[in-house]
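One letter stands for each residue in the lines below.
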Amino acid sequence: MLGRKTLLCAALTFGALPLAHPAGANNGLTLIGTGAESVAMGGADVAVARDTSALGTNPAGLSQVRGSAHDGFLAVAFALDNTHADRFGNDQPISNWIAPVAGAGFAQHVTGTGLIFGVGLFAQAGAGNIYNHLNTPFGGQDTLRAQFGVLKLTPGLAWQATEQLALGAVLNIHYASFDQRIFPNVSVFDPQNPAQSYFGTEIKNASAVRYGAKVGALYKPEPTLSLGLTYSPQVNIPFDNGQLIANFSALGLGRVTYRDVRLQGFALPEEIAAGIAWQPMSQLLLAFDVTWSNYHRALRSQTLVASGPDDPRAPPTIASTTALDWRNQTVFAAGLAYSPDDANRYYAGVNYGRNPIPANTVNPLLAAIGELHLTTGFARRLDDLWSVTAALEYLVPNEVTYYNPQLPFGPGARERVSYIAINLMFSRRW
């Protein structure tokens, strides 16, 4: 029987990478905003947060809801230049060039209590690229893909403690899913040099449910000035189910299914965000946010362990550890809203966060290297109950040339990202 080192070759050096949204379309793993107004203002929402998307941005913002509120939104991202290139002749765009995201929220003000209850369902995080016909380092073409997404159900509460101060908190119930294919049709065994052997893998139906929280405060020292602050602890998301299929055809075993798969080392980062919103005149609102994400602690390394093969001739366990070593990320967001009349509002925003991935751990499946986002949008009140908000988000192209020694692409590999996203939100107030 072959030893562990032989089996843990390049097929698993990709590791259990956290990969729904095109990679690079976010600040790290998380979306730049929640809801159309948040996105239209470049994600500068901590001190604004005035609709039910406050459940995802600053729960204290629910205090600004009067009566009942419902918001439903849909966003669609279109990849413009999300491409992987390397020394094997690849210069290929991703196949999943379109990605939808949806969410909804409801809030109810309890008359006479200063309490506002709400519940929302939002996309929390996600990434993932799909390459269906990539030239492999072993000859021929094969699939390289990973899809990771996190949805969160967020029951929450805000309390208007004083005329100036509101406090809020939400419970985040995270559902995460993960699928991955790493050249699943390739199987190479070199008895003279076992370390160069390669066995393609596929991970299917891995999922997890984990709990998190966010707390927030909104302080208005005067009617035209708002200060916001939020905190979210780290949420570890280990996957302890799913299946791994290893292509051991070169060993005469065909495809072997491992029934017990554990993926560890992935987490949503601890975050602290602060914001200020100022209304210098009745028609104009200016907002600025700073968000710090502790990716250095959340994404250090990831471990994949698979056991329980359906063929007794196969190795009983295969395992791999992948270094990630992400850097902490500080995101700066600025936005404005201009209302020429009671029925219309126009937005503009900018969002910048340095790519958190060091060059020696960049991966084509998780090329979350986007840095500068530009946004715009508008809102229109349709009648006494309904309004619509639309936002346009553009990721300015960014390219990274790298050498990740854990991957078989060699030096000079390149990842490029750029996309545009359209957000639409319908809101009802009564």
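Residues numbered from 1 in each chain as written. Predicted model: local features only at pLDDT ≥ 70, side-chain atom pairs only at ≥ 80, totals over all residues. Heavy atoms only, no water.

Participant: Mind laying out the pattern of salt bridges, listing which residues take part and the relevant values?
Facilitator: Evaluation of the coordinates by the stated rule reveals 10 salt bridges. Linking arginine 313 and aspartate 311 is a salt bridge whose minimum nitrogen-to-oxygen distance equals 2.9 Å. Of the charged contacts in the structure, one is a salt bridge between arginine 414 and glutamate 399, with a shortest N-O distance of 3.8 Å. Placement of arginine 414 in strand β23 (residues 413-429) and of glutamate 399 in strand β22 (residues 386-402) is noted, with a sequence separation of 15 residues between them. Judged by its relative accessible area of 28%, arginine 414 is partly exposed. Via salt bridges that share partners, Asp81, Asp91, Glu399, Arg414 and Arg416 belong to a single interconnected network. (Salt bridge = Lys/Arg side-chain N within 4 Å of Asp/Glu carboxyl O. Helix = DSSP H or I, 4+ residues; strand = E, 2+ residues; numbered from the N terminus. Buried < 20%, exposed > 50% of the residue type's maximum accessible area, 1.4 Å probe, protein only.)

Participant: Which residues make up empty space enclosed by the protein, and what are the values?
Facilitator: Approximately 550 Å³ is the volume found for the largest cavity. Forming the walls of the largest cavity are 34 residues, and the residues nearest its centre are Thr30, Leu31, Gly56, Lys214 and Glu271. Elements with a contribution of two residues or more to the lining of the largest cavity: β5 (115-127), β8 (165-188), β9 (198-222), β10 (225-232), β15 (271-281), β16 (284-293) and β19 (329-338). (1 Å grid on protein atoms, 1.4 Å probe; cavity = no way out; pocket = protein on both sides within 12 Å on 5 of 7 lines; lining within 4 Å. Points joined across faces, edges and corners; volume = space filled by probe spheres on them.)

Participant: Hey, could you go over the nonpolar core for me, with residue numbers and the actual values?
Facilitator: A general trend in soluble globular proteins is that nonpolar side chains are found buried together. The biggest cluster of nonpolar side chains holds 58 residues, and the ones touching the most others in it are Ile237, Phe239, Leu244, Tyr258 and Trp326. Those residues in contact with tryptophan 326 that lie beyond four places of it in its chain are Gly28, Leu29, Tyr295, His296, Leu299, Pro356, Ile357, Pro358, Leu366 and Ala368. (Core = buried A, V, L, I, M, F, W, Y, C linked by side-chain atoms within 4.5 Å. Contact = heavy atoms within 4.5 Å.)

Participant: An account of the layout of surface pockets is requested, with residue identities and associated values reported.
Facilitator: Here the largest pocket defines a volume of roughly 930 Å³. If you list the elements that add at least two residues to the lining of the largest pocket, you get β1 (68-79), β10, β15, β16, β20 (344-353), β21 (372-381), β22 and β23. Of the residues contributing to the lining of the largest pocket, the split by class is 16 nonpolar, 12 polar and 14 charged. (Nonpolar A, V, L, I, M, F, W, Y, C, P; charged D, E, K, R; others polar.)

Participant: Break down the side chain of threonine 291 for me, with residues and values.
Facilitator: With respect to the helices, strands and loops of the structure, threonine 291 is situated in strand β16. When near neighbours in sequence (up to four residues on either side) are disregarded, threonine 291 contacts Glu271, Ile272, Ala273, Gln329, Thr330 and Val331.

Participant: So what's going on with unusual backbone geometry? Residues and values would help.
Facilitator: Although it is not a glycine, alanine 49 adopts a positive phi angle of roughly 25°. Along the polypeptide, alanine 49 turns up in the loop between α3 (36-40) and β1. Residue classification places alanine 49 among the buried residues on the basis of a relative accessible area of 6%. Even without a glycine there, the phi angle at asparagine 205 is positive, about 60°. Summarising the element assignment, asparagine 205 is placed in strand β9.

Participant: Mind laying out the pairing of β23, listing which residues take part and the relevant values?
Facilitator: Across 11 bridges, β1 lies against β23 in antiparallel orientation. Bridging across to β23, phenylalanine 73 finds its partner in methionine 425. Note: strand β2 (residues 83-85) against β23, three bridges, orientation antiparallel. Paired with threonine 83 across the strands is arginine 416, a residue of β23. Two elements, β22 and β23, share 15 bridges in a ladder whose sense is antiparallel. The partner of threonine 389 across the bridge, within β23, is methionine 425. (Pairing = 2+ DSSP bridges.)

Participant: Could you give me a rundown of the packing of aromatic side chains, with the residues and numbers involved?
Facilitator: Inspection of the entire model under this criterion finds 10 aromatic pairs. Between phenylalanine 78 and tryptophan 97 the ring centres are 6.1 Å apart and the planes differ by 35°, which places this aromatic pair in the tilted class. Of this pair, phenylalanine 78 sits in strand β1 while tryptophan 97 sits in the loop between β3 (91-93) and β4 (98-110), placing them 19 residues apart in sequence. Between the aromatic rings of phenylalanine 199 and phenylalanine 248, the centroid separation amounts to 5.1 Å while the plane-to-plane angle is 80°, which identifies the pairing as edge-to-face. (Phe/Tyr/Trp six-rings, centres within 6.5 Å; stacked < 30°, edge-to-face > 60°.)

Participant: Describe the environment of threonine 30, listing the residues and the values that go with them.
Facilitator: Assignment of secondary structure puts threonine 30 in the loop between α2 (10-13) and α3. Between the C-alpha atoms of threonine 30 and serine 293, which are 263 residues apart in sequence, the distance is 10.0 Å.

Participant: Describe the confidence of the model for the chain, and please don't skip the residues or the numbers.
Facilitator: It should be kept in mind that the predicted coordinates are not to be read in detail where pLDDT is low. Predicted confidence across the chain gives a mean pLDDT of 90, with 93% of residues reaching 70 or more. In this model, residues 1-21 is a region of pLDDT below 50 whose contacts with residues beyond four sequence positions or in other chains number 91 contacts. (pLDDT = per-residue confidence, 0-100.)

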